[in-house]
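The residues making up each chain are set out below.
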Amino acid sequence: MALKADVLYDFTAEPGNNELSIKEGESVSVTSQSVGGGWIEVQNSSGQTGLVPEDYLQIKGTPACSDAHNTHTQVANSNKPWSGGGAYTTDATAGGWETQEYTHTQQAAEGGEDDDVEWDEDWDDYSGGSYHGDAHGDEEGGASGRNIHAPSMKISLNKFPFSKTPNPDVFLLAKLPPRGPDRLPVYLGEVGPVWLYPLSALDCVVADPRKESKLYGLKSFIEYQVTPSTTNRPVNHRYKHFDWLYERLLEKFGSATPIPCLPDKQVTGRFEEEFIRMRMERLQAWMSRMCRHPVVSQSHVFQLFITYRDEREWKMGKRKAEKDELVGPMIFSLVDPEAPDLEPGEVELKCEQYSRFTKAMDDAVKDLQNVGHTHWKRCTGPLPKEYQRIGKALQNLSSVFNSSEYQGEATLTDALTFAGKTYEEIAQIVAEQPKKDLHFLLETNNEYKGLLGCFPDTIAVHKAAIDRVKEGERLVAGGKISSQEKNNMKQRISCMSYSLQAEMNHFHSNRIYDYNRVMQLYLQEQVNFYQQIAEKLSQALSQFTTL
């Protein structure tokens, strides 16, 4: 007897993709659970059969969204302050800090062959992004709050946003590993601490989106070519690969560097030309920003993403990246400032300064975004219609004049008709203008909105470290740490501060460049816009004779 399932959310099938549209509250029969990739084959009451996302269903006798619920429950019940790669722990005298991991599939966590099978599933294209929280998980065009299965890989319980603030104790108090070849130098430049930038700038071109398929044509997806400037050799990636890279960068660098979210996922309309164009444009912007970051762009995981040579190298590199232990606050163990240690008071002052600035800029960016969207709607809605009404009114007046059959007024009626048509042309120019100038301003602004949204979490790590250092004397008196460990904390928080200052200086230099560039483009297009309208009006004016 076939299993029955209740439909939890509406789902609209993509044409030619063997999918089945379903409605919330509908009851369907499960015909196959072996499709894979987060999909189930079902049959509706009309006898139609097709694929639907499994997390859109509640099979009779099973709790809805049980996997996602269990994940959140485990996170909520975990009182461990930090859980990175699982390698570094402090002893009981240091407060008993330790690490732990949650594993979706144990064999995948151990790097078994099934990991490759799971990796190749379509979990991302229809994911609710349960590991992203508000970042971009619920913007799917469907029901809010749903969770679709993620790939089989080790998930740190300390990743944003499950743990509000990654606990810096693992870096401040843990016994650090021997310093290897990987290091993140910080130098004192003209503007203060700065990262070490590569000799030649890196860039990547995201282009040539192509629709591909798998499972004998049952599932389709869009694949992009990513071509780095260092090799000029393209590699192919799907959206889920970008999503995997985002997860790895967030886990590794999120405590020290804001990692902006990817463009939103989408359930329906994924193969529409306009959606593919916009997604490619935003993936290009995201990759360009990552390429410009001196730490992220030179990391092993990012270089793997843009330069892998074959499937074997990609899979081996992927496994290595997922087992990376220098993640979360442990990333600060790689920071190597060539500068004297800072006093905790100076560290706290810098942290507060950056916190105030990023909050103020975030408010200003959101305000500009709201104003820009309002102006866009006006330019594509009521404003063109006003010009059209003027044009039609002038042409109507011309028709009335012409009906008088008075000799000698043909020049006037022709001029009125010309002026009316001119205003209709202006209406079209006005409606198309936002795509030429406002689009780029809003896209840049949207990028910074995403970046600024990451800063509170990043700065929170530093504030938590400052609070811990302030407790140093009390921890020593309570026998929880030694005097040497207290001194180590002061040195290490200085290292964290240099990292934050280098990051802020990188942010400021990019901010100045980006807004200078986009405002020049915007204003130049505005000049062209008004010149074009002025020329149209001048031509209309020339049609009228001087009395």
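Further up the page is the structure itself.
Note that the structure is predicted; figures quoted are calculated from it, not measured. (Residues numbered from 1 in each chain as written. Predicted model: local features only at pLDDT ≥ 70, side-chain atom pairs only at ≥ 80, totals over all residues. Heavy atoms only, no water.)

Engineer: Give me the overall build of the protein chain: which residues, what numbers.
Structural biologist: Tallying secondary structure elements over the protein chain gives 14 helices and 13 strands in all. Across the 547 residues that make up the protein chain, the buried fraction comes to 48%. Of the contacts formed within the protein chain by residues at least 6 apart in sequence, a portion of 72% connects residues at least 24 apart. Roughly 26800 Å² of accessible area belongs to the protein chain as shown, and the carbon and sulfur atoms make up 50% of that amount. (Helix = DSSP H or I, 4+ residues; strand = E, 2+ residues; numbered from the N terminus. Buried < 20%, exposed > 50% of the residue type's maximum accessible area, 1.4 Å probe, protein only. Contact = heavy atoms within 4.5 Å. Areas by Shrake-Rupley, 256 points an atom, 1.4 Å probe, with all protein chains shown as cover.)

Engineer: Summarise the packing of helix H10 (residues 382-402) against helix H11 (residues 410-436); cite the residues concerned and give the values.
Structural biologist: At a closest axis distance of 8 Å, the pairing of H10 and H11 adopts a crossing angle of 170°. By the angle class used here, H10 and H11 are roughly antiparallel. Pair H10 / H11 crosses with left-handed handedness. (Axes fitted to C-alpha atoms, helices over the stretch in contact; angles between N-to-C directions. Parallel < 35°, antiparallel > 145°, perpendicular 65-115°, else oblique. Left-handed = near helix turned anticlockwise from the far one by under 90°.)

Engineer: Hey, could you go over H11 for me, with residue numbers and the actual values?
Structural biologist: Here H11 is 27 residues long and its end C-alpha atoms lie 39 Å apart, about the 39 Å a rise of 1.5 Å per residue gives. Along H11, the residues classified as buried are Thr-413, Ala-415, Leu-416, Ala-419, Gly-420, Thr-422, Ile-426, Ala-427, Ile-429, Val-430, Gln-433 and Pro-434. In this structure, the buried side of H11 is in contact with helix H9 (344-380), H10, helix H12 (438-470) and helix H14 (483-541). (Expected span 1.5 Å × (residues − 1).)

Engineer: Go over the packing of aromatic side chains with me, naming the residues and quoting the values.
Structural biologist: Applying the stated criterion across every chain, the model contains 14 aromatic pairs. A centroid spacing of 5.6 Å and a plane angle of 85° characterise the contact between Phe-11 and Tyr-56, whose relative ring orientation is edge-to-face. Placement of the pair is Phe-11 in the loop between strand S1 (3-7) and strand S2 (27-36) and Tyr-56 in the loop between strand S4 (49-53) and strand S5 (57-59), with a sequence separation of 45 residues. Accessibility classification places Phe-11 together with Tyr-56 in one group, the buried group. (Phe/Tyr/Trp six-rings, centres within 6.5 Å; stacked < 30°, edge-to-face > 60°.)

Engineer: Could you give me a rundown of the packing of H11 against H12, with the residues and numbers involved?
Structural biologist: Helix-helix packing is characterised by the crossing angle of the two axes and by the distance between the axes. Relative to each other, H11 and H12 sit at 35°, their axes nearing to 4 Å. Two secondary-structure elements touch here, H11 through Pro-434, Lys-435 and Lys-436 and H12 through Leu-438, His-439 and Phe-440. For the contact of H11 with H12, the per-class residue count stands at three nonpolar, one polar and two charged. (Nonpolar A, V, L, I, M, F, W, Y, C, P; charged D, E, K, R; others polar.)

Engineer: Outline unusual backbone geometry, listing residues and values.
Structural biologist: Residue Asp-208 is not a glycine yet carries a positive backbone phi of 55°. As for its position among the elements, Asp-208 is in strand S10 (residues 204-214).

Engineer: Describe the pairing of strand S3 (residues 39-43), with residues and values.
Structural biologist: The two faces of the sheet receive side chains in turn, since in a regular strand these alternate between them. Across five bridges, S3 lies against S4 in antiparallel orientation. Note that in S4 the partner of Ile-40 across the bridge is Val-52. Hairpin geometry of S3 and S4 is characterised by an intervening segment of five residues between the two adjacent antiparallel strands and by a positive phi of about 90° at Gly-47. (Pairing = 2+ DSSP bridges.)

Engineer: Describe the side chain of Lys-486, naming the residues involved and giving the relevant values.
Structural biologist: Relative to the elements of secondary structure, Lys-486 occurs in helix H14. Here Lys-486 falls in the buried class, since its relative accessible area comes to 19%. Residues contacting Lys-486, with those up to four places away along its chain left out, are Gly-472, Glu-473, Val-476 and Ile-481.

Engineer: Break down the sheet that holds strand S8 (residues 184-189) for me, with residues and values.
Structural biologist: Spatially, the three strands line up as an open sheet ordered S9-S8-S13, and their pairing is mixed. In this open sheet, the two edge strands, each paired with only one partner strand, are strand S9 (192-195) and strand S13 (335-337). The sheet shows a mean angle of 30° between the axes of neighbouring strands, direction not considered. As judged from the three bridges shared by S8 and S13, these two strands associate in the parallel manner. Its bridge partner being in S13, Leu-184 is matched across the sheet by Val-335.

Engineer: How would you summarise the sheet that holds strand S12 (residues 235-238) if you had to cite specific residues and measurements?
Structural biologist: Strand order across the open sheet formed by three strands is S10-S11-S12, with antiparallel pairing between neighbours. Of all strands in the sheet, those with a lone pairing partner are S10 and S12, marking the two edges. Between one strand axis and the next, the sheet turns through 35° on average, direction left out of account. The pairing of strand S11 (residues 219-228) with S12 spans four bridges and is classified as antiparallel. Bridge pairing in S12 places Glu-223 opposite Arg-238. Sheet strands touched by helix H6 (residues 273-292): S10 and S11. Its angle to S10, the strand with the most contacts, is close to 135°.

Engineer: For the environment of Phe-305, give the residues involved together with the corresponding values.
Structural biologist: Within the element layout of this structure, Phe-305 appears in helix H7 (residues 300-307). Distance from Phe-305 to Lys-318, taken between C-alpha atoms, is 8.9 Å for residues 13 residues apart in sequence. With sequence-adjacent residues up to four places away left out, Phe-305 is seen in contact with Val-235, His-237, His-241, Phe-242, Leu-245, Met-287 and Trp-314.

Engineer: Lay out the nonpolar core with the relevant residues and their values.
Structural biologist: Grouped together as the largest cluster of nonpolar side chains are 82 residues, with contacts concentrated most on Leu-245, Leu-249, Met-287 and Phe-302. Excluding residues that lie within four positions of it along the chain, Leu-249 makes contacts with Gly-254, Ile-259, Trp-286, Met-290, Val-296, Ser-299, Val-301 and Phe-302. The next biggest cluster of nonpolar side chains, apart from the first, holds 18 residues, and it includes Ala-5, Leu-8, Tyr-9 and Ile-40. (Core = buried A, V, L, I, M, F, W, Y, C linked by side-chain atoms within 4.5 Å.)

Engineer: Residue-level account of the environment of Val-235, with values.
Structural biologist: Tracing the backbone shows Val-235 in strand S12. Among the residues examined, Val-235 registers a relative accessible area of 3% and is labelled buried. For the pair Val-235 and Phe-305, spaced 70 residues apart in sequence, the C-alpha separation works out to 8.3 Å. Ignoring anything within four residues of it in the chain, the contact list for Val-235 reads Tyr-224, Gln-225, Val-226, Phe-305, Ile-306 and Tyr-308.

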